[in-house]
Amino acid sequence: MNMRAIVAGLALSAALAVPALAHPVDGAWKEQHNDTPGITTPANFKLTIWMKVEGDELHYYSENTTQPDKPYISEHVSKLDGTVAPFPNQVRFNQISTLLTEPHELQVLKMKDGDVIAGEFWTFSKDGKTAVRRGISKNPEGKSRAYQEHFVKVTDKPQHRK
């Protein structure tokens, strides 16, 4: 075996052994109550979101356990190019659009028959440890409100319980 073949083999082995870098949104995110003026999240709010970017898709799963006897589950897979996709098993929404606007910024539009019911704008910190979600949403009665929520990454593993 010649030296070039050995070097090429070692380079290939090293490349396969190096794990792919995680995307800034990848991981489990837990809402962190914040008393900063303008933050509208109630103190008893409990939300964990698992996200994973795979190729050009966002895999999203969340559990809102503010009311432990009635957890609110949300799950979808969508392209990161703004394409509208089905948002299954939801009462208030039936469509979702996600757009990666910058490497550390994500836009999420939740719609009912093309009408935006909630617009979310995520900013992930450069160190990958925190995120802020700002948005505007309409409640079931049609009243809109702005919100801002702070999240901390609790694990880099984006898997949720199944």
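Higher on the page you've got the structure.
We now turn to the structure provided with this report. Source: prediction; values computed, not measured.

**So, the overall build of the protein chain**
And then number 1: A count of helical and extended segments in the protein chain gives 1 helix and 10 strands.
And then number 2: Taken from N to C terminus, the helices and strands of the protein chain fall in the order α-β-β-β-β-β-β-β-β-β-β.
And then number 3: Evaluated residue by residue, the protein chain yields a buried proportion of 36% over its 162 residues.
And then number 4: Sequence separation of 24 or more characterises 30% of the internal contacts of the protein chain that already satisfy a separation of 6 or more.
And then number 5: Carbon and sulfur atoms make up 58% of the accessible area of the protein chain, which totals about 10000 Å².

**So, the sheet that holds strand 7 (residues 105–112)**
And then number 1: The 10 strands lie next to each other as 4-3-2-1-10-9-8-7-6-5, forming an open sheet whose pairing is antiparallel. Bordering the open sheet on either side are strand 4 (72–79) and strand 5 (81–86), each of which pairs with just one other strand. The average angle at which neighbouring strand axes cross in this sheet is 20 degrees, direction not considered.

**Notes on the pairing of strand 6 (residues 95–102)**
And then number 1: Pairing geometry for strand 5 and strand 6, over 4 bridges, is antiparallel. Pairing of Pro-86 across the sheet is with Gln-95, part of strand 6.
And then number 2: By the bridge criterion, 7 bridges tie strand 6 to strand 7 in an arrangement that is antiparallel. Counterpart to Leu-100 in the pairing with strand 7 is Leu-106.

**A closer look at the packing of aromatic side chains**
And then number 1: For the structure shown, the criterion picks out 5 aromatic pairs.
And then number 2: Ring centres 4.9 Å apart and planes at 40 degrees place the aromatic pair Trp-122 and Phe-151 in the tilted group. Taken together, the positions of Trp-122 in strand 8 (residues 115–124) and Phe-151 in strand 10 (residues 144–155) put the pair 29 residues apart, joining distant regions of the chain. Each member of the pair, Trp-122 as well as Phe-151, is classed as buried.
And then number 3: Each member of the aromatic cluster is reached from another via a ring pair, and the members are Trp-29, Trp-122, Phe-124 and Phe-151.

The rules we used
The numbers attached to residues start from 1 for each chain and follow its sequence in the written order. With pLDDT at 70 or above as the cut-off, local features in this predicted model cover only qualifying residues; side-chain atom pairs require 80 or more to be listed or tallied, and sums for whole chains, interfaces and linings still use all residues. As a rule here, side-chain values cover all heavy atoms of the structure and leave hydrogens and water aside. In this description a helix means any DSSP run of H or I spanning at least four residues, a strand means any run of E spanning at least two, and both kinds are numbered starting from the N terminus. Throughout, exposure labels follow a simple rule: accessible area from a 1.4 Å probe, protein chains only, divided by the maximum for the residue type, with under 20% read as buried, over 50% as exposed, and the rest as partly exposed. Here, two residues are considered to be in contact whenever any of their heavy atoms come within 4.5 Å of each other. Surface exposure here means Shrake-Rupley accessible area, sampled with a 1.4 Å probe, where a residue is shielded only by the protein chains that are shown. A pair of strands is labelled paired if DSSP reports no fewer than 2 bridges between them. Axes here refer to lines fitted to C-alpha atoms; in helices the fit is confined to the stretch in contact. Angles between the N-to-C directions go from 0 to 180 degrees. Stacked, tilted and edge-to-face pairs are distinguished by plane angle, under 30 degrees for stacked and over 60 for edge-to-face with tilted covering the rest, among Phe, Tyr and Trp rings (Trp via its six-membered ring) whose centres lie within 6.5 Å.

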